[in-house]
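# Working through the structure, step by step
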Amino acid sequence: MPKITLDGKILEVDKGTTVLEAAQAAGVYIPRYCYHPKLSVSGNCRMCLVEVEKSPKLLTACSTECADGMVVNTASDKVKAARRDVLEFLLINHPLDCPICDQAGECGLQDYYMEYSRARSRFPAEDKVLRQKRRALGPHLMLDNERCILCTRCVRFCSEVTKTAELEVMERADHSFIDLKAGKTLDNDYSLNIADLCPVGAWTSRDFRFKQRVWFLKKAPTVCLGCATGCLTEAHHNEGEVYRLMPRPNAETNTWLCDRGRMAYKSLRAGDRLVKGFIKNGLIDLEPALREAATRIDEAKGAAAVLGSPWLSVEDNAALALLAAAMKTENVCFDFKFETGIKDGILINKDPSPNAAGAALLKAARGGLGLDEFRARLNSGAIKLVIAEARAAALLKDELKASGARLIAFATNRGDIPAGAYATLPYASYFEVPGTFINYQGRRRAVEPVVAAPAGVKPLWEVLNKLAAYSGASLRLDSAADAMKGME
Amino acid sequence: MENILLRDKVAELEGYFAAGGYRALKKALAMTPAAVIDEVKKSGLRGRGGAGFPAGLKWSFIPGDAPGPRYLVCNADEGEPGTFKDRELILKNPHALLEGMAIAGHAIGAASGYIYIRGEFAAEAVKLEKAIAAARAKGFLGRNILGTGTDFELHVHRGAGAYICGEETALLESLEGFKGQPRLKPPFPAVKGLFASPTVINNVETLAAVPAIIERGGDWYAAIGNGKSTGTKLFCVSGPVNKPGVYELPLGVTFKELLEKSCGGLQEGKRLKAVIPGGSSTPVLTAEEAWLVKLDYESLAAAGSMLGSGAVIVIDHGQCMVKLLQVLARFYHHESCGQCTPCREGCGWLEKLLNRLESGRGTKKDIDTIVSVAENMMGRTICPLADAMAMPAISFVKKFRSEFEAHAAGRCCPPDAPVKH
């Protein structure tokens, strides 16, 4: 293993490690624009130049492999001057429109200028190269070529990660610009990662731009529930509103995040968000809705059924299991066998639900029917009423319709409710309440609340608790975790 | 002395063959590749494209045990302003190039080679195609050369007009069908070049010198020239001389000899002001520095410039150095591939500074900025294009500062310059 001396420290690194990686591991930050750990090394921004003894020229830390005995200096006057000079070059044709730029506050040019330069410009404003200002490129992105520093991260992302290769650097020299290749549209499933990758304000998210200055945002770790992959994410929020979702890069699951996953927060404030109950098609307060649902459940007696859901947390599935026990029905199912695995080679899972593995825990602990058996009983007419989370119920929407069984559904958004549901009860989203999910790899992940639920909207376990109470039973739940008693 | 490269009556295969052509190939094919490389090493032949890297050494970098194909590429993308020797060589002596390539192919174990020729050289590309067809018909190229079982297929590929494609890795990108942009090194082409295979890239003039070296021996070639600068070199002389053109002379000839003996001296009434000795990207020399300088790799380096491609640009007192540098800056700004920040932004900045000065709108401060910007570009990019802009910029200002200052003071050009503002 090669040993190098970096800023006086002796480091032992694996063969093939670059100077930038070695420095990073030793806690020495080397500024960079074009380098990204998950993209090929292009070495073009020249921001990471470092001094290597016996090399007459400064070398790019991103592309220089550590060799035994190498002596690297990342803080010499020569290095500092090179950083200042590269920044000067990057800024001469930059519009310096920070006050109206949405990247301000998380901009590589601003940050590095403050850290490594603070020099006055020697370039007359009237000499600047003008390029095309913002224009929409694809459903999610806006491109401002004038702010671009041509690091080519976006180009490499599209050719190396999504392999859709929509982007290219056109032209040459300082009239170079990023553009779509002929006949392409930038609508791959991961396009918003480009806005994250862009170190400056060239690529911005059409969804997020101008919604919130980034220095007002607070960051809360969370998990994407868009499919069984269960990407780690970060919700950026302020004053009770989520403004965007970003990936929380990790070795287990994800570096990136898909565009659909990023938009998941939209359901919180969507027009179809449920804050009240529904009976048939009429809005109704939660309490009378619960009472009505309880009445129908009592009517159905032994012909009632409870369906778990791979879209619900382990705890809420456990609460459903308790409800089934209180109703003394054997028509209960926590069995959701989706084919799992990454279907696009990147992140999107064949299993569209986030917690089939979590629901399976309930099947193991509490038993119940297989999904096909449940389906068969529904078809046979033995089940007259089904209590289910809306998306799980939608899996059986044909059988529900054919059998005429009543559906008591739980939903966060009206759009999830299968047609013909008899009653729908609102519950709080997992951005608002805690829960445990198990992804396709079997990784257990706790989701913590990011924002508060709308007034009157309760966590599902509480809705179930009340529903049981209206039927004269008690689930004895004071928290989501209570439902797990006796299970672990 | 006799010319090795620019000879008469060898433009067609018959003439070339009659003059002893393709005998070296036969000889080389009977030698081991290592022996061929040794002979070229012994000759001291150095890259004629500009960098002057020893050719034999370059060939020996091809890993002997590497599986898969190897490639030989001839860089005929002659684009350095002031340079027009390869074109002449291709027109007058194309078979020396083809024979040299076949020998080099044998030496490095390449069964195919490419000649990447500048897009503007249409007639030259046709000339090469015809020469290749003629050589193939006689069994000097193609499959089973001269019945030896050795294959060497040669292809001509025309460029699309980018100066940067003369840089060897940009050339490879272009040859592979991509945008011509230099690659990060390492890996060097000898390890991972064309189609990710071991590749040697040599200039036209370098390869064309190989047959004579094989035929007459490395020692014979090494005896020509000056010290480590062996052999003859094609000098392309442009500017106000009586007989501009391409001249083949032993390395180490003085500028004075080249100017007076070969080029018939300066045109009447002209006074020598400066010389760019090795193509537009090499530092300029003043008349005093240039007059007795020996034109070879070491002597020019000692004089603070470079032999480069051997393009000798003669500048007389009627020329404005600010204007000349402005022309160069316009060229490099246009040709920068745009990949590396310092070159992409710096070339344009320099052109703008020079536009100001040249048009009388510049200041003294702009002169210092030119030097500072050029220095900030030097040695900080993937390929030497930034240096190619910076070196003339720094040397022009350093050596002819009074002309830049005259422009900054609104007086524009020196007394006998013809340009008036």
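Structure: above.
About the cut-offs
- Residues numbered from 1 in each chain as written.
- Chains lettered and ligands numbered in written order.
- Predicted model: local features only at pLDDT ≥ 70, side-chain atom pairs only at ≥ 80, totals over all residues.
- Heavy atoms only, no water.
- Helix = DSSP H or I, 4+ residues; strand = E, 2+ residues; numbered from the N terminus.
- Buried < 20%, exposed > 50% of the residue type's maximum accessible area, 1.4 Å probe, protein only.
- Contact = heavy atoms within 4.5 Å.
- Areas by Shrake-Rupley, 256 points an atom, 1.4 Å probe, with all protein chains shown as cover.
- Lys, Arg positive; Asp, Glu negative; His and termini not counted.
- Charge placed at Lys NZ, Arg CZ, Asp CG, Glu CD.
- Pairing = 2+ DSSP bridges.
- Axes fitted to C-alpha atoms, helices over the stretch in contact; angles between N-to-C directions.
- Parallel < 35°, antiparallel > 145°, perpendicular 65-115°, else oblique.
- Nonpolar A, V, L, I, M, F, W, Y, C, P; charged D, E, K, R; others polar.
- Buried area = accessible area lost by both parts, 1.4 Å probe.
- Salt bridge = Lys/Arg side-chain N within 4 Å of Asp/Glu carboxyl O.
- Polar contact = N/O pair within 3.5 Å; in protein donor to acceptor, adjacent residues only side chain to side chain.
- Right-handed = clockwise from strand over helix to strand, strands pointing away.
- Disulfide = S-S within 2.5 Å.
- Patch = residues over 30% accessible without salt bridge, like charges linked within 9 Å, V, L, I, M, F, W, Y side chains within 5 Å.
- Core = buried A, V, L, I, M, F, W, Y, C linked by side-chain atoms within 4.5 Å.
- Left-handed = near helix turned anticlockwise from the far one by under 90°.

### Observations regarding the overall build of chain A
The number of helices and strands found in chain A is 13 helices and 22 strands. Burial statistics for chain A: of 488 residues in total, 57% are counted as buried. Contacts in chain A between residues at least 24 apart in sequence constitute 62% of all its contacts with a sequence separation of at least 6. Of the roughly 20,700 Å² that chain A leaves accessible, carbon and sulfur atoms contribute 52%. Charge centroids of chain A, computed over 66 positive and 60 negative side chains, lie 2 Å from each other.

### Examining the pairing of strand 7 (residues 232–238) of chain B
All names here are of chain B. With seven of its seven residues buried, strand 7 lies for the most part within the structure. Covered by surrounding structure in strand 7 are Thr-232, Leu-234, Cys-236 and Ser-238 together with Lys-233, Phe-235 and Val-237, the residues of both alternating faces. Sheet topology places strand 7 next to strand 8 (residues 245–250); six bridges connect them, and they run antiparallel. Across the sheet, Phe-235 pairs through a bridge with Tyr-247, a residue of strand 8. Taking the residues that link successive antiparallel strands as the turn, the strand 7-strand 8 hairpin has six residues, and the phi of Gly-239 there is positive, at about 115°.

### What about the packing of helix 8 (residues 314–327) of chain A against helix 13 (residues 460–470) of chain A?
All names here are of chain A. The contact between helix 8 and helix 13 brings their axes to 9 Å, and the two run at 10°. Considering their axes alone, helix 8 and helix 13 lie roughly parallel with respect to each other. Contact with helix 8, carried on its side by Asp-316, Ala-319, Leu-320 and Leu-323, involves Leu-460, Trp-461, Leu-464, Leu-467 and Ala-468 of helix 13 and no other residues of that element. Classifying every residue of the contact of helix 8 with helix 13 gives eight nonpolar, no polar and one charged.

### So, the interface of chain A and chain B
Every contact between the two is made by 37 residues of chain A and, on the other side, 30 residues of chain B. Together chain A and chain B conceal approximately 2,700 Å² of surface at their shared face, both sides included; 51% is due to carbon and sulfur atoms. Considering only the surface of chain A that becomes buried against chain B, Phe-89, Arg-122 and Arg-172 of chain A emerge as the three largest contributors, covering 28% of it. Across the pair Arg-172 of chain A and Glu-335 of chain B runs a salt bridge whose closest N-O atoms are separated by 3.2 Å.

### Observations concerning the side chain of Glu-345 of chain B
Secondary-structure assignment places Glu-345 of chain B in helix 16 (residues 341–358). On the accessibility criterion, Glu-345 of chain B (4% relative accessible area) is buried. Within polar-contact distance, the side chain of Glu-345 of chain B engages the side chain of Asn-93 of chain A at 2.7 Å. Setting aside its immediate chain neighbours within four residues, Glu-345 of chain B contacts Phe-89, Ile-92, Asn-93 and Asp-174 of chain A.

### With respect to the pairing of strand 2 (residues 112–117) of chain B
Residue and element names in this part refer to chain B. Burial runs high along strand 2: six of the six residues are buried. A two-sided burial pattern is seen for strand 2, the buried positions comprising Ser-112, Tyr-114 and Tyr-116 on one face and Gly-113, Ile-115 and Ile-117 on the other. Bridge count for strand 1 (residues 71–76) against strand 2 is six bridges, and the pairing is parallel. Among the inter-strand pairings, Ala-76 is bridged to a residue of strand 2, identified as Ile-117. Here six bridges tie strand 2 to strand 3 (residues 153–158), and the two strands are oriented parallel to one another. Its bridge partner lying in strand 3, Ser-112 is registered against Glu-153. Taken together, strand 2, helix 7 (residues 122–137) and strand 3 constitute a β-α-β crossover, and its handedness is right-handed.

### Remarks on the sheet that holds strand 9 (residues 272–276) of chain B
Residues and elements named next belong to chain B. Read across the sheet, five strands follow the order 8-7-11-9-10 without closing on themselves; strand pairing throughout is mixed. In this open sheet, the two edge strands, each paired with only one partner strand, are strand 8 and strand 10 (285–286). Sheet analysis places strand 9 next to strand 10, joined by two bridges and oriented antiparallel. When the sheet's bridge partners are listed, Val-275 is paired in strand 10 with Leu-285. Packing of helix 5 (residues 85–92) onto the sheet brings it into contact with strand 7 and strand 8, and relative to strand 7 it is tilted by some 115°.

### Topic: the pattern of salt bridges
Throughout the structure, instances matching the rule amount to 53 salt bridges over all chains. A salt bridge links Arg-48 of chain B to Glu-205 of chain B; the shortest N-O distance between them is 3.9 Å. With Arg-48 of chain B in the loop between helix 3 (33–43) and helix 4 (55–60) and Glu-205 of chain B in helix 9 (residues 204–208), this residue pair connects regions lying 157 residues apart in the sequence. A residue is classified by how much of its surface remains accessible, and Arg-48 of chain B, at 1% relative accessible area, is buried. Counted as one network, the salt bridges with shared partners bring together Asp-97, Lys-133, Asp-144, Glu-146 and Arg-147 of chain A.

### Some words on the state of the cysteines
Residue and element names in this part refer to chain A. If you walk through the whole model with that rule in mind, you get zero disulfides over all chains. Left unpaired, Cys-107 is separated from the closest cysteine sulfur, that of Cys-101, by 6.2 Å. The exposure class of Cys-107 is buried, given its relative accessible area of 7%. No disulfide involves Cys-158; its sulfur sits 6.9 Å from the nearest other cysteine sulfur, which is in Cys-154. Since its relative accessible area comes to 0%, Cys-158 is described here as buried.

### Structural notes on a nonpolar patch on the surface
All names here are of chain B. A cluster of nonpolar residues, Phe-53, Leu-57 and Phe-61, forms a patch on the protein surface that exposes about 260 Å² of accessible area. Topologically, Phe-61 is positioned in the loop between helix 4 and strand 1. For Phe-61, a relative accessible area of 43% corresponds to the partly exposed category.

### Let's talk about the nonpolar core
Residues and elements named next belong to chain B. Judged by nonpolar contacts, the single largest core of 62 residues is most densely connected at Trp-59, Leu-72, Leu-97, Leu-98, Met-101, Ile-115 and Ile-214. Broken down by element, the residue count for this core peaks at nine residues, all from helix 6 (residues 94–108). Non-local contacts of Leu-98, meaning those with residues more than four positions away in its chain, are made with Tyr-22, Ile-115, Leu-128, Ala-131, Ile-132, Ala-135, Leu-141 and Leu-154.

### Quick notes on unusual backbone geometry
Omega for the bond connecting Lys-185 of chain B with Pro-186 of chain B falls within 30 degrees of zero, at -5°, which places this linkage in the cis form. Locating Pro-186 of chain B in the fold gives a position in the loop between helix 8 (168–175) and strand 4 (199–203). In this chain, Pro-186 of chain B is followed by Pro-187 of chain B through a cis amide linkage whose omega measures 0°. Looking at the element boundaries, Pro-187 of chain B is found in the loop between helix 8 and strand 4. Positive phi is not limited to glycine here, since Arg-118 of chain A has a value of about 60°. Tracing the sequence through the fold places Arg-118 of chain A in the loop between helix 3 (108–117) and strand 6 (135–137).

### Points about the packing of helix 2 (residues 77–92) of chain A against helix 16 of chain B
Helices that pack against each other are described as a pair by the angle of their axes relative to one another and the distance between those axes. Taken N-terminus to C-terminus, the directions of helix 2 of chain A and helix 16 of chain B make an angle of 60°; their axes are 9 Å apart at the nearest point. Taken together, the axes of helix 2 of chain A and helix 16 of chain B lie oblique to each other. Here the hand of the crossing between helix 2 of chain A and helix 16 of chain B comes out left-handed. From helix 2 of chain A, Val-86, Glu-88, Phe-89, Leu-90 and Ile-92 of chain A reach across to helix 16 of chain B, where they touch Thr-341, Pro-342, Arg-344, Glu-345, Gly-346 and Trp-349 of chain B. Tallied by class, the residues present in the contact of helix 2 of chain A with helix 16 of chain B amount to six nonpolar, two polar and three charged.

### As for the sheet that holds strand 7 (residues 141–143) of chain A
Residue and element names in this part refer to chain A. With antiparallel pairing, the three strands of this open sheet are ordered in space as 6-7-10. Every other strand in the sheet has two partners, leaving strand 6 and strand 10 (203–205) as the edge strands with one partner each. Taken over all neighbouring pairs, the strand axes of this sheet differ in orientation by 40° on average, direction set aside. Taken together, the three bridges between strand 7 and strand 10 define a ladder with antiparallel strand orientation. By the bridge assignment, Met-142 is partnered in strand 10 with Thr-204.

As far as function goes, none of this settles anything; it's purely spatial.
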